[in-house]
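Secondary and tertiary structure notes
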Protein chains: 2
Amino acid sequence: MQGFAINSERLLARLQHFAAIGGTEKGGVNRQALTALDREARRLLAKLARERGFVVFQDPIANLFIRREGKNPDLPPLLIGSHLDSQPAGGKFDGALGTLAAFEVLETLEDQEIATERAVEVVAFTNEEGCRFAPGCMGSLAFAEAAIPDSWRDLKATDGAGFAEELAATLDSLPEAQPRPLGFPVSAYLEVHIEQGPSLEHQGIPIGVVTGIQGTRWLDVVVTGQTAHAGTTALAYRRDPMLTVSQALAELYASIMPGDAEARFTVGRISCLPGAVNAIPDTVRLTVDLRHPSTAVLDINENLIRKTFETHANVQGCGTAVTRIFDMAPAQFPEPLLATLQEAASDCGFATAHLLSGAFHDALFLNRVAPSAMIFVPCRDGLSHNEAEHVEPDHCIAGCQVLGAAVLRLATA
Amino acid sequence: MQGFAINSERLLARLQHFAAIGGTEKGGVNRQALTALDREARRLLAKLARERGFVVFQDPIANLFIRREGKNPDLPPLLIGSHLDSQPAGGKFDGALGTLAAFEVLETLEDQEIATERAVEVVAFTNEEGCRFAPGCMGSLAFAEAAIPDSWRDLKATDGAGFAEELAATLDSLPEAQPRPLGFPVSAYLEVHIEQGPSLEHQGIPIGVVTGIQGTRWLDVVVTGQTAHAGTTALAYRRDPMLTVSQALAELYASIMPGDAEARFTVGRISCLPGAVNAIPDTVRLTVDLRHPSTAVLDINENLIRKTFETHANVQGCGTAVTRIFDMAPAQFPEPLLATLQEAASDCGFATAHLLSGAFHDALFLNRVAPSAMIFVPCRDGLSHNEAEHVEPDHCIAGCQVLGAAVLRLATA
């Protein structure tokens, strides 16, 4: 087999076209989930699909499916894709590359009139990033569970918008899409994505075969003390949650990541109340994003975080409440599918490295209901969730070619 | 000398009477500056003054003056008072106690037909709190500078009202008050106020002789790094401003206040961008409220703060920007006047403690143009700017008696 001859110019032009929807001055993308810009990107993809005669579907969580029929419509389809939503200060490639590479594969099959045994479907999952509405991977999670958790109905966005309303408006924005139930049988799921880390770039290798995804936990930490006048309240009379938080964080930053190269500890949000320059806060609230390939180590680090905040809070006469708001166990992708990706990369003549994903992806949830795997491509300086995120055109093309070669192996057999 | 026999029942009744103007369900007061309720309180005080035959004046910033003439009308008057405006969720005593205690002194002089050499005037300064229109202490600041800063003209209230309009309406609400220019010679200024801190209550001492007001600086601190993916970015590739901030704050909390009982270090606001749970922030922003009685120490601590953030930022490859957004120099009240207050307290047989004011007051600005000093009385649990603010009746009476005794020493001589 001689790889998979995609239309490279078309793929690169599409990446630029979609990057303009929510494009930022610094060259990044701000296209957060279920916003008007997210809807604009979905409508554009659906329009391109209809122009090629593909059928467009939408499920109740607004996952968008584009189906190219196979010889045997009764076989479960092969699913390929990613997501179209971005971080507030995100890049052009996170999600968009995987979605548009999958669509390029579908168009190439059409261009070359390649008939597949089973249907091939491109998917754009809803709210993978989880920054506007938590948790992330809502679309793939609801697909895997064939249900939308009731707890999501009342979610409010960081911008105040209601989840139920924004979801409804997004569904309404694609009236031509055929409705489809949540979750249906698929033969396998493949996703191309940027590495979001520096290892492939440092090794000079264009294709990463992702063996699994490290576990992630999100903690909501609230430390409460007593507000008082900044000028009149002596140290002895202070119960200052900001002091507790700074001491606990300094300690945790010094221990968790320096002590374990596989551990990740990130505080992405922090705020305090009442929020007056001249008032000691009575409440400091922050989030912790904790990651590790081992569930046991995640437990150890979560306990360390709880104990560290409690210890410092007790000294200050403050209280703490640490709540686990998101918990995703580590995932291992199936060996046979990894072998297929390895062969597909060889079909195209690309060197590969096997690696673990530090980020979670929709493939993690799809892997619960169907064999799933991912193809990583290098990104400059490992930068992601950043407007400076960049992927070399050759690497975008390589990822798409390997995806296409894998589709030939999985869908035409 | 045997102290100063005021009419205690009258003083306590007056405090209740004024507390009803803007009284809240929780027993506090919401009588913000230049509102209809503020005007109602001013009109009541002016009415009570006219009933005693005192002359009422108003200057262009609506500072209200009540004059009891002295034997020698040409001598600069002795000024005593405070303010009538309150915080949105304020208490019954902050400002009102000092104003009504001063008026009680004036009435007692009248009751006892005590002739003073110089006139004694009660003042109610405009907008001390600064919550509806910033800055605070507008009345005393304009009095001290004998001018209203042009920048105030276009101020808008938190409730949308214009400063110029509200000031004009307030002036118009007292047509019987005689107009008076801004700033005129006064022999001295004395103010009774609640401590707004716990030290007198903890020491069981009824009278605080305030030696001065500590200086205040507000700093805006911005630490910038690089946003990146929380899961994929290894420690070596992170430039995390949250790490810088937690280390710097932990160090500053451990050094500034523990090392100097007079120092105050408060972080009242903090936020970060982009503000996603799973993204390393690229910007953390916070405010520092720094206080000390010594300008030299304020300089030292401000430099320590700048150096500490810079040092940790450099290690993380982050940048820092520290901007001074507010700077009020410390005030030292003149020794002779403090001695007079000490003697006045002895006249009344009250124990005293010398202390420094952590909050700023109208006396801070009056002290720039005339010898000024303050008498503090204890408040329960040090609570202030709070509807639960409470002062024991005996302490209200004690503060008023010491003020009266000091007036006898300063105005009759």
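Note that the structure is a prediction, hence the values are computed from the model and not measured. (Residues numbered from 1 in each chain as written. Chains lettered and ligands numbered in written order. Predicted model: local features only at pLDDT ≥ 70, side-chain atom pairs only at ≥ 80, totals over all residues. Heavy atoms only, no water.)

Next up on the list: the interface of chain B and chain A. Of the residues lining the interface, 51 residues belong to chain B; the matching set on chain A comes to 56 residues. When chain B packs against chain A, close to 4,600 Å² is buried across both sides, 64% of that on carbon and sulfur atoms. Of all residues in chain B, B:His229, B:Thr232 and B:Val277 bury the most surface against chain A, accounting for 15% of the area lost on that side. Linking chain B with chain A are zero salt bridges, by the criterion used here. Counting across the chain B and chain A interface gives 17 residue pairs in polar contact (both at pLDDT 80 or more). Of all the secondary-structure elements, those providing two or more residues to the side of chain B that touches chain A are β9 (228–229), α7 (241–255), β10 (264–273), β11 (279–280) and β12 (283–292) of chain B. Residue contributions to the side of chain B that touches chain A peak at nine residues, all from β10(B). (Contact = heavy atoms within 4.5 Å. Buried area = accessible area lost by both parts, 1.4 Å probe. Salt bridge = Lys/Arg side-chain N within 4 Å of Asp/Glu carboxyl O. Polar contact = N/O pair within 3.5 Å; in protein donor to acceptor, adjacent residues only side chain to side chain. Helix = DSSP H or I, 4+ residues; strand = E, 2+ residues; numbered from the N terminus.)

Moving on, we come to the domain arrangement of chain A. Residues and elements named next belong to chain A. Its domain assignment divides chain A into domain 1 (8–214 + 330–411) and domain 2 (215–328). Using only C-alpha atoms to locate each centre, domain 1 and domain 2 end up separated by 34 Å. Each partner contributes residues to the interface: domain 1 has 17 residues there, and domain 2 has 13 residues. Roughly 1,000 Å² is buried in total at the junction of domain 1 and domain 2, and carbon and sulfur atoms are behind 66% of that figure. Where domain 1 touches domain 2, the interface holds two residue pairs in polar contact (both at pLDDT 80 or more). Looking at the side of domain 1 that touches domain 2 residue by residue, the classes come out as 10 nonpolar, five polar and two charged. (Domains from an automatic or database assignment. Nonpolar A, V, L, I, M, F, W, Y, C, P; charged D, E, K, R; others polar.)

Summed over all chains, the structure comprises 54 salt bridges over all chains. Among the salt bridges present, the one from A:Glu302 reaches A:Arg217, with a minimum N-O distance of 2.9 Å. Taken as a pair, A:Glu302 in helix α8 (residues 295–316) and A:Arg217 in strand β8 (residues 215–224) lie far apart in primary sequence, 85 residues in all. For B:Glu104, the salt bridge goes to B:Arg10, with nearest N and O atoms at 2.8 Å. Of the two residues, B:Glu104 sits in helix α3 (residues 96–111) while B:Arg10 sits in helix α1 (residues 8–19), which places them 94 residues apart along the sequence. For the pair shown, B:Glu104 and B:Arg10 are each scored as buried. Connected through salt bridges with shared partners, the residues A:Arg10, A:Arg14, A:Arg52, A:Glu104, A:Glu107 and A:Asp111 form a single ionic network. (Buried < 20%, exposed > 50% of the residue type's maximum accessible area, 1.4 Å probe, protein only.)

What follows concerns the environment of A:Ala411. Residue and element names in this part refer to chain A. Note that Ala-411 resides in helix α11 (residues 393–411). Spatially, the C-alpha atoms of Ala-411 and Gln-32 are 33 Å apart, while their sequence positions differ by 379 residues. Ignoring anything within four residues of it in the chain, the contact list for Ala-411 reads Leu-78, Thr-116, Glu-117, Arg-118 and Val-120.

In total, this model carries 23 aromatic pairs over all chains according to the counting rule given. Centroid distance B:Tyr253 to B:Phe265: 5.1 Å. Interplanar angle 85°. Geometry classified as edge-to-face. Taken together, the residues B:Tyr253 in helix α7 and B:Phe265 in strand β10 connect sequence positions 12 residues apart. Pair check on accessibility: B:Tyr253 and B:Phe265 agree, each one buried. Clustering of aromatic rings is evident, with ring pairs tying together A:Phe65, A:Phe125, A:Phe143, A:Phe184 and A:Tyr189. Taking NZ or CZ as reference, A:Arg180 lies 4.0 Å from the ring centre of A:Phe184, over its face. (Phe/Tyr/Trp six-rings, centres within 6.5 Å; stacked < 30°, edge-to-face > 60°. Lys NZ or Arg CZ within 6 Å of the ring centre and 35° of its normal.)

So, about the nonpolar core. All names here are of chain A. Formed by 108 residues in total, the largest nonpolar core has its most connected members in Ile-66, Ile-80, Leu-403 and Val-407. The residues that make up this core include at least three from each of domain 1 (8–214 + 330–411) and domain 2 (215–328). Beyond its immediate stretch of four places on either side in the chain, Leu-403 contacts Ile-80, Ala-101, Ala-102, Val-105, Leu-190, Val-192 and Ile-375. (Core = buried A, V, L, I, M, F, W, Y, C linked by side-chain atoms within 4.5 Å.)

Moving on: the UniProt feature "binding site: Zn(2+) 2" (unreviewed entry) in chain A. As recorded in UniProt, the sites labelled "binding site: Zn(2+) 2" (unreviewed entry) are A:Asp94, A:Glu129 and A:His385. The annotated residues occupy 292 residues of the chain but converge on a single region, no pair of C-alpha atoms lying more than 9.5 Å apart. Its location among the elements puts A:Asp94 in the loop between β3 (78–83) and α3 (96–111). If we skip the residues at most four places from it in the chain, A:Asp94 touches A:His83, A:Asp85, A:Glu129, A:His193, A:Ile194, A:Gln196, A:Ser384, A:His385 and A:Glu389. Reaching out from A:Asp94, the side chain makes a polar contact with the side chain of A:Gln196 at a distance of 3.2 Å. Turning to its location among the elements, A:His385 is positioned in the loop between β17 (372–377) and α11. Sequence-distant contacts of A:His385, that is, excluding residues within four places in its chain, are made with A:Gln87, A:Ala89, A:Gly90, A:Asp94, A:Glu129, A:Gln196, B:Thr227, B:Ala228, B:His229, B:Asn278 and B:Ala279. At 3.2 Å, the side chain of A:His385 and the side chain of A:Glu129 are in polar contact. (UniProt positions renumbered as here; feature names shortened; annotations may be inferred.)

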